[in-house]
Number of protein chains: 2
Amino acid sequence: MRIFNFSAGPSMLPTKVMERAQGEFCDYGKTGCGIMELSHRGSEFTAVIERAEANIRQIMQIPDGYSVCFIQGGASLQFAMIPMNFLKPGSFAEYADSGSWSSAAIKQSQFFGDTRVVASSKDTKYDRIPAFSTWKTSPGAAYLHITSNNTIFGTQYSSFPDSKAPLLADMSSDIMSRRVDVSKFSLIYAGAQKNLGPSGVVVVIIKNDFAAKAAEKVPTMLKYSTYIEKKSLYNTPPTFGIYMIALVTDWIKEIGGLAEIEKINNAKAKLIYDKLDSSKLYKTPVQKDSRSAMNVVFTLPSEELDAKFLKEAKAQGLIGLKGHRSVGGMRASIYNAMPIEGVKKLVELMDSFEKANA
Amino acid sequence: MRIFNFSAGPSMLPTKVMERAQGEFCDYGKTGCGIMELSHRGSEFTAVIERAEANIRQIMQIPDGYSVCFIQGGASLQFAMIPMNFLKPGSFAEYADSGSWSSAAIKQSQFFGDTRVVASSKDTKYDRIPAFSTWKTSPGAAYLHITSNNTIFGTQYSSFPDSKAPLLADMSSDIMSRRVDVSKFSLIYAGAQKNLGPSGVVVVIIKNDFAAKAAEKVPTMLKYSTYIEKKSLYNTPPTFGIYMIALVTDWIKEIGGLAEIEKINNAKAKLIYDKLDSSKLYKTPVQKDSRSAMNVVFTLPSEELDAKFLKEAKAQGLIGLKGHRSVGGMRASIYNAMPIEGVKKLVELMDSFEKANA
């Protein structure tokens, strides 16, 4: 039986990518060694990291004047690196609070300096992206930080705010899931483990003009300029993770790029949301205009039914559906690598389960 | 033809480990998913990280009162994390400078505070470990930092200094290559990409009493206490790298642990050093009492012969032998995973090459 893994991350990678990586795991490009056994300064890995970067630039249509970096430590380290580099004394940073990850970013920023929450949906349990008309921004902010998709609460920005301050986005859970105008942003970062590859690498897309504004007194490994100047090879990067990103981005290009990926992702999400909207058993706490195409959160009327649903799902090869402990219920994470067949199978289960438990 | 990769890192992993990882790459433990596709909070990965830690504790005979952490960012991030946590205002840190990596660690420490170089072999081009009798330590240091093996210059501590200050060691290039009395150290760290697995994970072994002395004001992801308290699962760790460490440490246990590994490594190194000592063509700049069993550095009389040697080596399936650009000549990195057959083949080439080019 084919398994469909709805885990919020680390999550499914495209089957074709996994099979290719397996095939050449012990012998990359007839070198007689696996890619993870080869020097990060050798010709083979140099070609890999250059291909990963070129793919990202092409797929996201990144304008000139931006650097693409591969950094370790997860998005959580970015929460600290951003203010360490850009929230200088006498300045202030603005954050929109749309969920747990935004809150974690805010907490790290507060550690470094004046951090202002300009919008929040906390008082409605993060059931929406705060309407832009309510955002209380001020002139002169060092930057404005948003979280484009909220894995735990199942919300996603359908558009981005116009911002005079440099706009920074944590896109960990929806990077390359749809078309985005990169020129609106001064910095985009994303942990790889949802749409791009395994955990252990963060892709950072940073405008060079913005990078140049960073504080001087930052330790080498925590400075964006180190990664920009050394092309992410100041020290040994996570070579296997970057190799996997090269393969995943090859696959995105083969499929037809973000226009096609976006179409497929929207179709996948619509299948589940249509089911939720027509159901009496399932509910979603998420406001319609803020629904995520990546993480669909829904609830059943009781914990007993939750447990029963999860058990039946597992028996049918649908795993990783348990909601985050802070929300409960179910969460179907349907990143790029989840085929529409997996989503159809989930919706069929939702149908039959509703009939049996009406 | 079997390839023997003498790269300084990332480097060879045990063939048995690579083949096992390949076999279960797309289907770990009959889950229908690769281990890198599974949640870091699920039962499968929980068992993996617990096994990796238990193996490390058993193999290195780590006493009670120590934590084992998995941290991203490479040893280079440790160079900053250590003083950030332990070099508090009014205190000072001591470093022994035995090569490029020590120097890099010193530079990061200087960024944070009073950093004193108590011993150095810089004036003899790092051809030795500075004799302990010459070390100028002072009472009250926050810690004393050493680099146990120097990949670039081919030197290694054959014993460790008695230190009143907490002793900290970068063991990136010789961890688990020989028996070490962990109780002498307050902190040991090692990037995985030489003896333990792929790049992208650092193993940190830290004494809990020492960890408790850390500064309070440190960002979450840069605090050792975060990794200790959350068992390296505060955020998503590099799951595949940790899985590979579990497999490599399984393999070390199967072989017979560090007593056996040390015997094999010494035998491998002896083969090459004996050849160097009896040769008129090859020389090593390294002092006898400081020779590394991990990285054997040697030179030929001219760059022409260097190039010729490298070409003939490659033709025989011996790769990665080119010395570091700052030293030149050759470097044979013979970490745990290099079989003695690879070393014998190298020595045979050295023999025949010497005869042909006498």
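What you are looking at is a predicted structure, and each value in this text was computed from that prediction instead of being measured.

A. Layout of the domain arrangement of chain A. Residues and elements named next belong to chain A. When cut into domains, chain A gives domain 1 (15–254) and domain 2 (257–357). Spacing between the C-alpha centres of domain 1 and domain 2 amounts to 27 Å. Counting residues at the interface gives 26 residues for domain 1, matched by 25 residues for domain 2. Roughly 2000 Å² of surface becomes buried between domain 1 and domain 2 when both sides are summed, with 53% attributable to carbon and sulfur atoms. As a salt-bridge pair, Arg-179 and Glu-262 come within 3.1 Å of each other at their nearest N and O atoms. Counting across the interface, domain 1 meets domain 2 through 13 residue pairs in polar contact (both at pLDDT 80 or more). Counting only elements with at least two residues in the side of domain 1 that touches domain 2, the list comes to helix 2 (43–60), strand 6 (149–150), strand 7 (155–156) and helix 7 (239–255). With three residues, helix 7 is the largest single contributor of residues to the side of domain 1 that touches domain 2.

B. Structural detail: the side chain of Ser-76 of chain A. On the secondary structure map, Ser-76 of chain A appears in helix 3 (residues 74–86). Of the residues examined, Ser-76 of chain A reaches a relative accessible area of 7% and is grouped as buried. Other than its neighbours up to four places away in sequence, Ser-76 of chain A contacts Trp-101 of chain A together with Met-221, Tyr-234 and Asn-235 of chain B.

C. Broad picture of helix 8 (residues 257–277) of chain A. Residues and elements named next belong to chain A. With 21 residues, helix 8 extends 30 Å between its outermost C-alpha atoms, agreeing within 8% with the 30 Å of an ideal straight helix rising 1.5 Å per residue. Within the sequence span of helix 8, burial applies to Gly-257, Leu-258, Ile-261, Glu-262, Asn-265, Lys-268, Ala-269, Ile-272, Tyr-273, Lys-275 and Leu-276. Buried residues in helix 8 make contact with helix 2, helix 7, strand 11 (295–298), strand 13 (330–333) and helix 10 (340–356).

D. Region of the structure containing the sheet that holds strand 5 (residues 143–147) of chain B. Residues and elements named next belong to chain B. Read from one edge of the open sheet, seven strands run 2-10-9-8-5-3-4, paired in mixed fashion. Looking at strand neighbours, the two that pair on one side only are strand 2 (66–71) and strand 4 (114–120), the edges of this open sheet. On average, each strand axis in the sheet is tilted by 20 degrees relative to the strand beside it, whichever way the strands run. Two elements, strand 5 and strand 8 (residues 167–170), share four bridges in a ladder whose sense is parallel. Looking at the pairing, Leu-144 lines up with Leu-167 of strand 8.

E. Structural detail: the nonpolar core. With 126 residues, the main nonpolar core has Ile-205 and Met-244 of chain A together with Ile-205 and Met-244 of chain B as its most contacted residues. In contact with Ile-205 of chain B, other than residues within four places in its own chain, are Ile-56, Met-60, Ile-62, Tyr-66, Ser-67, Val-68, Ile-175, Val-182, Ser-186, Leu-187 and Ile-188 of chain B. Among the nonpolar cores identified, the runner-up in size contains 62 residues, and Leu-87, Ala-105, Val-202 and Leu-222 of chain B belong to it.

F. Layout of unusual backbone geometry. All names here are of chain A. Pro-10 follows Gly-9 through a cis peptide bond whose omega is -10 degrees. Relative to the helices and strands, Pro-10 resides in the loop between strand 1 (4–5) and helix 1 (15–23). In the Ramachandran plot, Met-176 falls in the positive-phi region, its phi being about 60 degrees despite a non-glycine side chain. Positionally, Met-176 belongs in the loop between strand 8 (167–170) and strand 9 (187–191). Take Met-176: its relative accessible area is 2%, and that puts it in the buried class. Of note in the backbone geometry, Lys-231 takes a positive phi value of approximately 50 degrees without being a glycine. One can find Lys-231 in the loop between helix 6 (224–229) and helix 7. Looking at Lys-231, the relative accessible area reads 53%, which means it is exposed.

G. Region of interest: the relation of the copies chain B and chain A. The transform that puts chain B on chain A rotates by 180 degrees and translates by 0.0 Å along the axis, for an RMSD of 0.0 Å. The transformation relating the two chain copies, once decomposed into turn and shift, fits a two-fold axis. When the interface residues of chain B are mapped onto chain A, 100% of them again lie at the interface, so the same face is used by both copies.

H. Region of interest: the sheet that holds strand 5 (residues 143–147) of chain A. All names here are of chain A. One open sheet holds the seven strands; their spatial order is 2-10-9-8-5-3-4, and the pairing between them is mixed. Two strands in the sheet have a free side with no partner beyond their single neighbour: strand 2 (66–71) and strand 4 (114–120). Shown here is a sheet whose adjacent strand axes are inclined to one another by a mean of 20 degrees, direction ignored. Bridging between strand 2 and strand 10 (residues 202–207) involves six bridges; their strand directions are antiparallel.

I. Region of interest: the side chain of Gln-72 of chain B. Turning to its location among the elements, Gln-72 of chain B is positioned in the loop between strand 2 and helix 3 (74–86). A distance of 2.7 Å separates a polar atom in the side chain of Gln-72 of chain B from the backbone nitrogen of Gly-73 of chain A. The contact partners of Gln-72 of chain B, leaving out residues within four places of it in the chain, are Gln-72, Gly-73, Gly-74 and Gly-200 of chain A together with Leu-77, Gly-200, Thr-236, Pro-237 and Pro-238 of chain B.

What counts, and where the lines are drawn
- Residues numbered from 1 in each chain as written.
- Chains lettered and ligands numbered in written order.
- Predicted model: local features only at pLDDT ≥ 70, side-chain atom pairs only at ≥ 80, totals over all residues.
- Heavy atoms only, no water.
- Domains from an automatic or database assignment.
- Contact = heavy atoms within 4.5 Å.
- Buried area = accessible area lost by both parts, 1.4 Å probe.
- Salt bridge = Lys/Arg side-chain N within 4 Å of Asp/Glu carboxyl O.
- Polar contact = N/O pair within 3.5 Å; in protein donor to acceptor, adjacent residues only side chain to side chain.
- Helix = DSSP H or I, 4+ residues; strand = E, 2+ residues; numbered from the N terminus.
- Buried < 20%, exposed > 50% of the residue type's maximum accessible area, 1.4 Å probe, protein only.
- Expected span 1.5 Å × (residues − 1).
- Pairing = 2+ DSSP bridges.
- Axes fitted to C-alpha atoms, helices over the stretch in contact; angles between N-to-C directions.
- Core = buried A, V, L, I, M, F, W, Y, C linked by side-chain atoms within 4.5 Å.
- Least-squares fit on C-alpha atoms with pLDDT ≥ 70 in both.

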